[in-house]
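Each chain is listed here by its residues.
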Amino acid sequence: MNEIIATILSATFVAAVIRTTTPILFASLGGLLSDLVGSLNVALEGIMLIGALTAVIVSAHAPWYIGVLAGLAAGGLLGAVMALFHLRFKADIILVGFAINIIAAGGTVTVLTYATGGDKGTSINIPSKAVPALDLSFLGNIPAIGPFLREVLSGHSYLTWLAAFMVYAIWYFLYRTPEGLRFRAVGEYPPAAEAAGIAPNRLRTYGLIASGCLAGLGGAQLAMFSFVGFTRDMTAGRGFIALGAVLLGRRHPIGTMIAAVLFGFFEALSIALPGILKWMPGELIHTIPFVVTVLALMLSSRRKVTA
Amino acid sequence: MTPFLQAIGIDKTYPGGVHANQGIDLSVARSTVHAVVGENGAGKSTLMKILFGVEQPNAGEIRLEGNPIVLPSPRAAIAAGIGMVFQHFSLVPSFTVAENVVLGGEPRAGLKLDRKKASDTVRELAERFRLPVDVDVPVEQLPVGQQQRVEILKALYRDARLLILDEPTAVLAPQEVVELFAAVRSLTSQGRTILFIAHKLPEVLEISDTISVMRGGKMVGTVAAKDATEKSLARMMVGRDVALKINRAAPGIPHTHLCRISDLTVKNDHGLNAVSDVNLILRTGEIVGIAGVEGNGQSELFDAIGGLRPIASGSVELGKTDITHISVLERRAAGMANIPEDRIATGSAGGATVAENIVATELTDTRFVRHGLLDLKSIRAHAVKLIEKFSVRVQGPESAIGTLSGGNMQKVVVARELSSEPSLLLVSHPTRGVDLGATEFIWQNIAKARDAGAAVLLTSADLSEILALADRMIVLYRGRIVAAFVNSEEVTPEVLGSYMLGFAEQSAEERNAALA
């Protein structure tokens, strides 16, 4: 037990939490934007997966940032497709979302096979690139807390810092700009927005595209940083956990971030624990993030009922 | 002088074949209050929707200050200076008053929403037109009367010169009506014009300058308010004399205790006490009316007695049966019937036929169900009998109930509930959105049930309904009984209103005296 606590309190572990949180945070913020305009994007998982593969393949032939942009664009495109089917053709958003999730699960393997010339599992023989890490080792010069800060903050992906900035940017957008006000109005009570001359479906389209872009970025981070390359089903439910983070975060950017960090923490824990608890089967440990998601959602919905 | 707004020969037939407006002429003078009255289905709403650009007329012309205009959408109407406040508000609950008002036309400072300017502008508007409201409070925390002010402010923010108010008093307590009328007068004195759709004739007479009456899709006539009386208007609306007078329960008949409600506490959807420690005895052959501003626990009280909401503590006894925790079906078997507040959501199944709706509460009755199978012939015969008895206007028992007008749908619900000859009858808002003719009919039938010995518990947003029907009255404020009266001439809407708004509270002795 002491060993576990010592691990959790170590700077290395905090840095690991930041790393595991980044992709979930991107996807969660995407989910938040779609939820706030009233069409919760349940395809985050599939979009992340497609974003990851796109980023890997493009980055093999172009600079890393073009790879990231390609992941983002693929996500945005999928968001637009969802908007088309859901808003124009009036298909149920859940069904559209699951169609994309299913297409992503199978489609990425097919495309991977073509891209690698036969490998159905990983992109190991594609020379894909990584997102560079931001070196903040000068922080170590600060007396006392310097070394700890350096351990925690230095060496993270550029995208991690972008994700943190997005929390602020989305909060500013939603709560400080007129467009954000309209966004929230559409999500909370569409007739009021309509009466005010706002077209709800246009904002829903923007919301879905933005959520796709963010999920695509999450996918790019997943395949271009700590592990470079694509493996089949590498998102492993992170897109669904992100949905949980949106609901748990009470539809607020800060709340969503806290929820994403919570899930990132348990993911990092499930990575660190097998080294410590050698007697426990690894599979059981890896279920921790999902069990926590279910528990957190149960507790939060219970509070809503009694609140 | 050219009228501010003129509608000439407006004609509208809906795709379903309903000829809702037939050659309507309407002329509204500037800076006046012009009321349009009529029964449900008279075509008032259709006319207003045409004037606000929601519906398009098949023929006719609209002129604003003498110039012909076309209104293809509400947005065009707003741009032309026409605003409308619907009965159902469109406000975002968590937004502040100022945010709701400026939504869609926000003042900005660079990228940012200029909150200060928004608040200041709205506050100025509110003061100028005597619509006092705290602009920085979320609208969900405001009472209905103030939410209505926010809707009016929204129209004024968009510079509406003509304001259409769709039954604005239906949701208000008497004191709130006084305040609304003060605002309306201040609007007309500042050059705005009000078109006022209404049901309640005393109010119409009080506030209007001119009154137009519609019946059956046609304009029956337009009179100056000072030349009209309640009676003359009612005759124009219905086409015959209407007697909205119900005899009280005859004196001298013994009223035995039938239903005892003891220390009843009920929680609302948020887990808070909606009804707290209510004690009440209902007696046979008597109507008890519950007055209160909407949201003060009436709905929860009725749901709890009706079995649609769990009772947190306390008990309800019907006769010798404790019905506190039994199911709806068991309650009905014990002699309860329920005319619920929402005839569409809880009172009927919209897609099912009239006959199916009528038999829905009788599925244990061997007259209609034998060996687990429906006896369609006797169900049909029963439905035909009730349709005739309650003069429901419907093509036949096989019509889907959702296709009926509000008044006829309500008659079906009333027919079904009364046909079981209940000993306890719960009645919520029995004539909300129901026209005068059907109202008269429904009232008479409730009184008939009372005379047959039923104990009736009635609530209505329309105080005149409670005053017309109830033998005794209680006022609910924040879930508690704050006053009780025996119905008499002295009890007026104003008296009830001060208790409904929480300005006054009776002592326990006064209450008990009226309830004894």
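Being a predicted model, the structure only gives us computed values, none of them experimental.

J.: I'd like a description of the overall build of chain A, backed by residues and values.
T.: Along its length, chain A carries 14 helices and two strands. In terms of overall size, chain A behaves like a compact globule, its C-alpha atoms giving a radius of gyration of 20 Å where 307 residues would be expected to give roughly 19 Å. Counting only C-alpha atoms, chain A reaches 60 × 55 × 40 Å along its principal axes. Looking at the 307 residues of chain A, the share that counts as buried comes to 49%. Of the contacts formed within chain A by residues at least 6 apart in sequence, a portion of 74% connects residues at least 24 apart.

J.: For the interface of chain B and chain A, give the residues involved together with the corresponding values.
T.: Of the residues lining the interface, 23 residues belong to chain B; the matching set on chain A comes to 22 residues. Here chain B meets chain A over a buried area of about 1900 Å², counting both sides, of which 56% is carbon and sulfur. Connecting chain B to chain A are two salt bridges. As a salt-bridge pair, Arg108 of chain B and Glu179 of chain A come within 2.4 Å of each other at their nearest N and O atoms.

J.: An account of the sheet that holds strand β16 (residues 313-318) of chain B is requested, with residue identities and associated values reported.
T.: For sheets, the rule is that strands pair by backbone hydrogen bonds, running either parallel or antiparallel. All names here are of chain B. The antiparallel open sheet is built from four strands, whose spatial order is β14-β13-β16-β17. Sheet topology places β14 (273-283) and β17 (321-322) at the edges, where each strand pairs with a single neighbour. Across the sheet, helix α9 (residues 298-306) touches β13 (257-267), β14 and β16, and the angle it forms with β13 is around 120°.

J.: Can you lay out the nonpolar core for me, pointing to particular residues and giving the numbers?
T.: Grouped burial of nonpolar side chains is what soluble globular proteins tend to show. Ranked by size, the top nonpolar core spans 54 residues in total, and within it Val475 and Leu496 of chain B carry the most contacts. Among residues more than four places away in sequence, those in contact with Val475 of chain B are Ala291, Arg480, Ile481, Val482, Ala483, Phe485, Leu496, Tyr499 and Met500 of chain B. Leu36, Leu181 and Ile241 of chain A together with Val92 of chain B belong to the second-largest nonpolar core, a separate cluster that totals 52 residues.

J.: Describe the packing of aromatic side chains, naming the residues involved and giving the relevant values.
T.: In total, this model carries 14 aromatic pairs over all chains according to the counting rule given. Arranged with centres 6.2 Å apart and planes meeting at 20°, the rings of Phe98 of chain A and Phe240 of chain A form a pair that is stacked. One end of the pair, Phe98 of chain A, is in helix α5 (residues 93-116); the other, Phe240 of chain A, is in helix α11 (residues 238-248), with 142 residues separating them in the sequence. The partly exposed category is assigned to Phe240 of chain A, whose relative accessible area is 35%. Pairing Phe390 of chain B with Phe441 of chain B gives two aromatic rings, centres 5.9 Å apart and planes at 75°, and the pair type is edge-to-face. Remark: Phe441 of chain B occurs in helix α14 (residues 436-451) and Phe390 of chain B occurs in the loop between α12 (376-389) and α13 (406-419); sequence separation between them is 51 residues. Each member of the pair Phe390 of chain B and Phe441 of chain B is classed as buried. Members of the aromatic cluster, connected to one another through ring pairs, are Phe165, Tyr168, Trp171 and Tyr172 of chain A. A cation over a ring is seen here: Lys411 of chain B above Phe441 of chain B, with NZ or CZ 5.2 Å from the ring centre.

J.: I'd like to hear about the UniProt feature "transmembrane region" (unreviewed entry) in chain A, residue by residue, with values.
T.: Residues and elements named next belong to chain A. Look at the UniProt record and you will see "transmembrane region" (unreviewed entry) annotated at residues 6-29, 36-58, 64-87, 94-115, 158-175, 206-228, 257-277 and 283-301. Helix makes up 100% of residues 64-87 and strand 0%, and the two end C-alpha atoms of the span are 34 Å apart. Secondary structure within residues 257-277 divides into 95% helix and 0% strand; the distance between the first and last C-alpha atoms comes to 29 Å.

What counts, and at which threshold
Starting from 1, residues in each chain are numbered consecutively following that chain's sequence as written. To read the labels, note that chains go from A and ligands from 1, taken in the order they are written. For this predicted model, a pLDDT threshold of at least 70 governs which residues receive local features, and a threshold of 80 or more governs which side-chain atom pairs are given and counted, while totals over whole chains, interfaces and linings are taken from all residues. Derived side-chain values reflect all non-hydrogen atoms in the structure, with water molecules and hydrogen atoms excluded from consideration. Numbered from the N terminus, helices here are DSSP runs of H or I no shorter than four residues, and strands are runs of E no shorter than two. For the radius of gyration, the atoms used are the C-alpha atoms, and the globule rule reads 2.2 Å times the number of residues raised to 0.38. Note on classification: 1.4 Å probe, protein chains only; a residue is buried when its accessible area is under 20% of the maximum for its type, exposed when over 50%, partly exposed between these limits. Any two residues having at least one pair of non-hydrogen atoms within 4.5 Å are treated as being in contact. Values labelled buried area give the accessible surface lost by two parts on being combined, using a 1.4 Å probe and summing over both. Here, a salt bridge means any Lys or Arg side-chain nitrogen found within 4 Å of an Asp or Glu carboxyl oxygen. Two strands make a pair as long as DSSP finds a minimum of two bridges between them. Axes here mean lines fitted to C-alpha atoms, for a helix over just the part in contact, with angles spanning 0 to 180 degrees between N-to-C directions. Within this scheme, the nonpolar core is defined by two criteria: the residues are buried Ala, Val, Leu, Ile, Met, Phe, Trp, Tyr or Cys, and they are joined through side-chain atoms within 4.5 Å. Note on aromatic pairs: the rings of Phe, Tyr and Trp (six-membered ring only in Trp) are paired at centre separations within 6.5 Å, and the planes decide the class, stacked below 30 degrees, edge-to-face beyond 60, tilted for the rest. Any Lys NZ or Arg CZ that is within 6 Å of a ring centre and within 35 degrees of that ring's normal is treated as a charge sitting over the ring. UniProt positions are given in the numbering used here, feature names are shortened, and annotations may be inferred rather than shown by experiment.

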